[in-house]
Amino acid sequence: KNQVEQSPQSLIILEGKNCTLQCNYTVSPFSNLRWYKQDTGRGPVSLTIMTFSENTKSNGRYTATLDADTKQSSLHITASQLSDSASYICVVSPREYGNKLVFGAGTILRVKS
Amino acid sequence: GAVVSQHPSWVICKSGTSVKIECRSLDFQATTMFWYRQFPKQSLMLMATSNEGSKATYEQGVEKDKFLINHASLTLSTLTVTSAHPEDSSFYICSVQVHNEQFFGPGTRLTVL
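Residues numbered from 1 in each chain as written. Chains lettered and ligands numbered in written order. Predicted model: local features only at pLDDT ≥ 70, side-chain atom pairs only at ≥ 80, totals over all residues. Heavy atoms only, no water.

A. The sheet that holds strand β3 (residues 19-25) of chain A, seen in detail. Residue and element names in this part refer to chain A. Read across the sheet, five strands follow the order β1-β3-β8-β7-β6 without closing on themselves; strand pairing throughout is antiparallel. Taken across any chain shown, the strands that pair with only one partner, and hence form the sheet edges, are β1 (4-7) and β6 (56-59). Strand-to-strand, the axes of this sheet are offset by a mean angle of 15°, without reference to chain direction. Alignment of β3 against strand β8 (residues 72-77), held across six bridges, turns out to be antiparallel. Along β8, the bridge assignment pairs T20 with H76. (Pairing = 2+ DSSP bridges. Helix = DSSP H or I, 4+ residues; strand = E, 2+ residues; numbered from the N terminus. Axes fitted to C-alpha atoms, helices over the stretch in contact; angles between N-to-C directions.)

Below you can see the structure in the form of structure tokens.
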């Protein structure tokens, strides 16, 4: 069964600190793995997208890594800001599903001052 | 990427009435759009794939006669929740497929009283 599991479920950090969010998946083979940021009451916004052959992808203070051997991905946020408070969703695109996506439950991040 | 809008951003209706939600692709001609539903503290669940000029493809467990989808043009797809009930209260999000990425709308919060 294609699944995407994220940890931790929620996280609170101080402004300026770094954090790492984890994503484990069983989807195989897959076309790409994505990380989205979803603010409360808003639609998801893409942060990074990686194909199965990529190991890392950065977007400003966000850096995603991918280990296809262990089927793990992480999203590292550096120098966190209050505006980083949101839900971060790991999404995998199974090759057999065409354009359909498998969503993780998300990690709720709260950055406090 | 694609810019996706939704209208309305929120709606409150009485039980038994129908509600139409619009999804527009503002800068990309989308042959395929997706409709998702998201309950509080849960991830997005795909409801249906909207194909321009043809019938939508619904996911298992989603009633096609209750959630009517019309994709009459390359820039507009509509989701009509017919005879809405309180259990239909949710956050509805559409997305547009652009090459190997999906771009999401801002969502529509539906509350059925």
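Next comes the rest of the description.
B. Examining the state of the cysteines more closely. Residue and element names in this part refer to chain A. Following the criterion strictly, the structure yields two disulfides over all chains and no others. A sulfur-sulfur separation of 2.1 Å characterises the disulfide bridge that pairs C23 with C90. Here the disulfide of C23 and C90 is left-handed, its torsion about the S-S bond being about -65°. Of the two residues, C23 is situated in strand β3 and C90 in strand β9 (residues 86-94); the sequence distance between them amounts to 67 residues. (Disulfide = S-S within 2.5 Å.)

C. Main features of the pattern of salt bridges. All names here are of chain B. Tallied over the full model, the rule gives six salt bridges over all chains. The shortest N-O distance in the salt bridge between E22 and R24 comes to 3.5 Å. When its relative accessible area of 22% is taken as the criterion, E22 is described as partly exposed. For R24, a relative accessible area of 34% gives the class partly exposed. (Salt bridge = Lys/Arg side-chain N within 4 Å of Asp/Glu carboxyl O. Buried < 20%, exposed > 50% of the residue type's maximum accessible area, 1.4 Å probe, protein only.)

D. Structural detail: the sheet that holds strand β3 (residues 19-25) of chain B. Residues and elements named next belong to chain B. Taken in spatial order, the four strands make up an open sheet running β1-β3-β8-β7, and their pairing is antiparallel. The strands lining the two open edges of the sheet, one partner per strand, are β1 (4-7) and β7 (67-73). The mean angle between the axes of side-by-side strands here comes to 15°, regardless of whether they run parallel or antiparallel. In terms of strand pairing, β3 meets strand β8 (residues 76-81) through six bridges, oriented antiparallel. Residue pairing across strands places K20 opposite T80, the latter belonging to β8.

E. Up close: the interface of chain A and chain B. In this assembly, 17 residues from chain A lie in contact with 17 residues from chain B. The junction of chain A with chain B conceals about 1400 Å² of combined surface from both sides, 54% of it contributed by carbon and sulfur atoms. When the buried surface of chain A facing chain B is broken down by residue, A:N99, A:K100 and A:F103 rank first, second and third, together holding 33% of it. At the boundary of chain A with chain B, the tally comes to one salt bridge. Put simply, A:K100 and B:E59 hold a salt bridge, and the shortest N to O gap is 2.8 Å. Our enumeration of links across chain A and chain B arrives at six residue pairs in polar contact (both at pLDDT 80 or more). (Contact = heavy atoms within 4.5 Å. Buried area = accessible area lost by both parts, 1.4 Å probe. Polar contact = N/O pair within 3.5 Å; in protein donor to acceptor, adjacent residues only side chain to side chain.)

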